[in-house]
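# Summary of the model geometry
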Amino acid sequence: MGGRGGGRAPTGFVWPPPGAGASTPRPASAPYQPATAVYHNPTATTPHVGAYQHGVLYRTPAPAPYAPAPSPAVTIRAPSPTPVTVRAPSPAAPPFQPARVSAPPSPTPSTATIAKELEQKLFVTETALAPPAAAAAAAVAASQSGQPASEKAPEVDLAPVSKKGLAHPARPGAGTAGKKVMIRANHFLVNVADNNLFHYDVSINPESKSRQTNREVLSELIKIHGKTSLGGKLPAYDGRKSLYTAGSLPFESEEFTVTLVDPEKKDKERAEREYKITIRIAGRTDLYHLQQFLCGRQRDMPQETIQVLDVVLRESPSWNYVTVSRSFFSTTFGHRGDIGEGLECWRGYYQSLRPTQMGLSLNIDISATSFFKPVTVIQFVQEFLNLRDVSRPLNDRDRVKIKKALRGVRVETNHQTDQIRRYKITGLTNVPMSQLIFPVDERGTRMSVVQYFFDRYDYKLQHTNWPCLQSGSDSRPVYLPMEACKIVEGQRYSKKLNDKQVTNILRATCQRPQQREQSIREMVLHNKYAEDKFAQEFGIKVCSDLALVPARVLPPPMLRYHDSGREKTCAPSVGQWNMINKKMINGGTIDHWACLSFSRMRPEEVYRFCCDLIQMCNATGMSVCPRPVVDIRTATPNNIEHALRDVHRRTAELIAQQGKGGQLQLLVVILPEVTGSYGKIKRVCETDLGIVSQCCLPRHASRPNKQYLENVALKINVKAGGRNTVLERAFVRNGIPFVSEVPTIIFGADVTHPPPGEDSASSIAAVVASMDWPEITKYRGLVSAQPHRQEIIEDLFSVTKDPKKGTVNGGMIRELLIAFRRKTGRRPERIIFYRDGVSEGQFSHVLLHEMDALRKACASLEEGYLPPVTFVVVQKRHHTRLFPEVHGKREMTDKSGNILPGTVVDLMICHPTEFDFYLCSHAGIQGTSRPTHYHVLYDENHFTADALQSLTNNLCYTYARCTRAVSVVPPAYYAHLAAFRARYYVEGDSSDGGSTPGGGVAREGPAEVRQLPLIKENVKDVMFYC
């Protein structure tokens, strides 16, 4: 797999070097410390000495060197108590510069030695995380055998050593760069009285999967026994197994019995149900460890204490509103808007208790989500399928769509006047109701559903051409005519919304910053935390005002354009700029291009558009042949694949006849007016024919404005291997801290998961990496399919057995490192890894496995090759919003009323001890800007806060597709685009929620991962995903 990278290696080039060993990665015995040679001209190419001269890197002269101590424990920051050294970076750590010593050649290590060295270099061992007694016992055992504890490595393979994870680096002091400002954040300070908190385990018999039912049982119990057996305590309950009290209950274990009216069965014979509840002590906690953690005196977070307080603050809203994850929704919060296809939008709020530098903080934000409209099932189907004629039968495709949409939905029957019964839908019948016959008694007498309803309920069914809803099990089904059922109110629609519904929900909820802040204030007042009886019981007080937070506005970077333009440099203004009087710094050359239209545009319109587009490309610095290889062609949307193959074949023949060599470099495609073709076009072009394509919508191509043509030209240039702009500081010696000093590779990684309801589709991982240094603008992208909803990227590093070659190392990291070396002539001496899409609960798990893969990929290329790594998680899915201190003040806001681009926050609302920050790098367009949260999980490069914040902000100005600073650092953005693109390779444009294999029946066991088709080498060599 290491050979997937495209392009031809320079003569004499070998990496891994001969004798490096293909079978196993071989890390060095000590942390990697390369010798340093001075490199003066970053744009010149340097010939190699032999295959590769170990330990040599090319760099500019730098200030006094920082030499890390030789101990392997330098990168480990373990929570105490621990036998390993804790070295948190000091607030003003100098920039990392490898010591000027050459590493001695090491003998070939055994597998166990390698595992031990990786453990020492990278991981906190089980002993390190064990309680003091366990650590002491391990040390005693080791000393008795005559070996230090650290050397008692077990004989293991190269799997990660510990499942406990790594200690995240401490904050290296707050940043100071930029203009200081004050802003408001939707965080509300929380004070807690010093109580003893007790945790009780709750078991309810018979068990119920419904939190609502469990809550009703516990509520009944508190009503009956609260003043007596429970000692007057008011417990908080999580709806599952845990009950919390402030102070202890008067018993350690007790059993209670309550009787409850079953809400699902309101008929007389099953109206009451008896529940047995056992409550037993599970543990106790106090607030001491939480206080120590918030003050920064303790590194590990007391998760249980925070969870107790979170459950307490969620107790009242859980009773009053519909709960969806950490949000609460209700029709009392405002207008419920119809968003189409049987769904409506409910408003609500998000609430989460978070430990921050200022103490405990309640993060509150307004939110909205989609719910089923409480209408008859007939009306829902009519709206969902957009049917005009309800008398016609449903075809198989429609039936599958309805089955997927309604599975798991609760309905109530309306055919009996004296009682209402509720059912959960499990499926749809395969045949229309008119043909549905079932046994009505033990003698096996069979009757049709239509006849049964008429005889039993005197109810004449109308829609007999449609199938019945099915409840119960396959062995004992309950058939429910659609017209006799109504959807129960308050059920969230959790599957993927279509584009129109997303637009409608955004239109209904989009608010400018001033409105949104006001809505949040009103929500906090509405919640009346001061009067909440559960908050009072536990001594919790919530401040009613948004936190006032110190922030800084980082200056935008100067951008460099080509010297032939009138403007050679550009200073962005409020996060944006334009291409007027500027030329791309490296314009691509396109000698062979073609155009294919699937739209209804007239040929002369297509011709005019192509002329305008090519003119814009040439005007902005590219070199594009004015005439296409073949005349502009048109085709029908139902003939896409054939038309693409035909253009590819004809252009290949004509290019061969001209005898110039080369191939088709760009295909401009005008898409059909009807959506659904984009994915197929990209799949055929990129994985089958090896064509780089640029798709254009007919509504834009028929009336192109200058801005549109400019943006398309920017995309075409990077697809032709060019660069649009670079940071001016990239050409200055040590201009970009940490990046300009030594060859640096910047990775971006993301995993996209299939939408809810798709229970068999693979997840897709994408990794991109910068291929140019010191410019850092071109990114090569690789994609890989992996098991359904798996977050850890599986194919970062792989070892496979080949019958001819033996053990073969591969994986995406290794391939990208080799490609970087091929493109730049140097190996990376520093790695910065931006990882998108990881939630807080997965931090340690993802870091442990992916850092391990990164290490192994480096070690497999060359003995002793362990470049320092900084691993940063990029989070957009959070609910922190930042507002200007004074709305409407010109010098504090952009045009949309949002905070200025470049605003960075690393005080008050961030993690108490770890290295994280919020950065709003972009200018708002509409609504309220969402800052991106960056959290450093591992840092061997010893970044200062200013250096990492400035680097991240500056990179946001290098995004290829527009002349604006973007909201997410480009490598992470590109990884997201690449993963999204690869989804089309396996799904096409299946956005209509059509049939899935097996008609959507629930699977048993994991599905086999369907591998992605390979992207052609010439496509991989450019930024095809832009």
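As a reminder, the structure under discussion sits directly above these lines.
These remarks concern the structure in this document. Since the structure is predicted, the reported quantities are computational estimates derived from the model, not experimental observations. (Residues numbered from 1 in each chain as written. Predicted model: local features only at pLDDT ≥ 70, side-chain atom pairs only at ≥ 80, totals over all residues. Heavy atoms only, no water.)

### Observations concerning the nonpolar core
Phe747, Tyr834, Tyr974 and Tyr1025 are the most contacted members of the largest nonpolar core, which has 128 residues in total. The leading source of residues in this core is helix α19 (residues 843-861), at nine residues. In contact with tyrosine 974, not counting residues within four places along its chain, are Val768, Tyr779, Thr958, Tyr959, Ala960, Met1023, Tyr1025 and Cys1026. (Core = buried A, V, L, I, M, F, W, Y, C linked by side-chain atoms within 4.5 Å. Buried < 20%, exposed > 50% of the residue type's maximum accessible area, 1.4 Å probe, protein only. Helix = DSSP H or I, 4+ residues; strand = E, 2+ residues; numbered from the N terminus. Contact = heavy atoms within 4.5 Å.)

### Brief notes about the packing of aromatic side chains
Applying the stated criterion across every chain, the model contains 29 aromatic pairs. With a centroid separation of 6.2 Å and 70 degrees between ring planes, the pair formed by phenylalanine 438 and tyrosine 479 is classed as edge-to-face. With a gap of 41 residues between them, phenylalanine 438 in strand β17 (residues 437-439) and tyrosine 479 in strand β20 (residues 477-480) connect regions that are remote in the sequence. With 5.3 Å between their ring centres and 75 degrees between their planes, phenylalanine 1024 and tyrosine 1025 make a pair best called edge-to-face. Connected via pairs of aromatic rings, a cluster forms that spans Phe438, Tyr452, Phe453, Tyr457, Tyr459 and Tyr479. (Phe/Tyr/Trp six-rings, centres within 6.5 Å; stacked < 30°, edge-to-face > 60°.)

### Here we look at the side chain of arginine 835
Relative to the helices and strands, arginine 835 resides in strand β38 (residues 830-836). From its side chain, arginine 835 meets the backbone oxygen of glutamate 791 in a polar contact 2.7 Å long. Not counting chain neighbours up to four residues away, the residues in contact with arginine 835 comprise Ala749, Asp750, Val751, Glu791, Ile792, Ile793, Val846, Glu850, Phe871, Val872, Val873 and Val874. (Polar contact = N/O pair within 3.5 Å; in protein donor to acceptor, adjacent residues only side chain to side chain.)

### Quick word on the sheet that holds strand β32 (residues 726-727)
As summarised here, the arrangement of the three strands in space is β25-β24-β32, forming an open sheet in which the pairing is antiparallel. Unpaired on one side and paired on the other, β25 (569-570) and β32 mark the two borders of the sheet. (Pairing = 2+ DSSP bridges.)

### Side note on the pattern of salt bridges
Where charged atoms from two side chains of opposite charge approach closely, those side chains can pair. By the definition in use, this model includes 42 salt bridges. Salt bridges linked by common partners bring Arg780, Glu815, Lys823, Glu1017, Lys1020 and Asp1021 together as one network. (Salt bridge = Lys/Arg side-chain N within 4 Å of Asp/Glu carboxyl O.)

### What to know about unusual backbone geometry
Residue proline 206 is bonded to the preceding asparagine 205 through a cis peptide linkage, with omega at 0 degrees. Of note, proline 206 is situated in the loop between β5 (197-205) and α4 (211-225). The step from tryptophan 773 to proline 774 runs through a cis peptide bond, and the omega angle for that step is 15 degrees. Checked against the element boundaries, proline 774 lands in the loop between β34 (763-770) and β35 (779-786).

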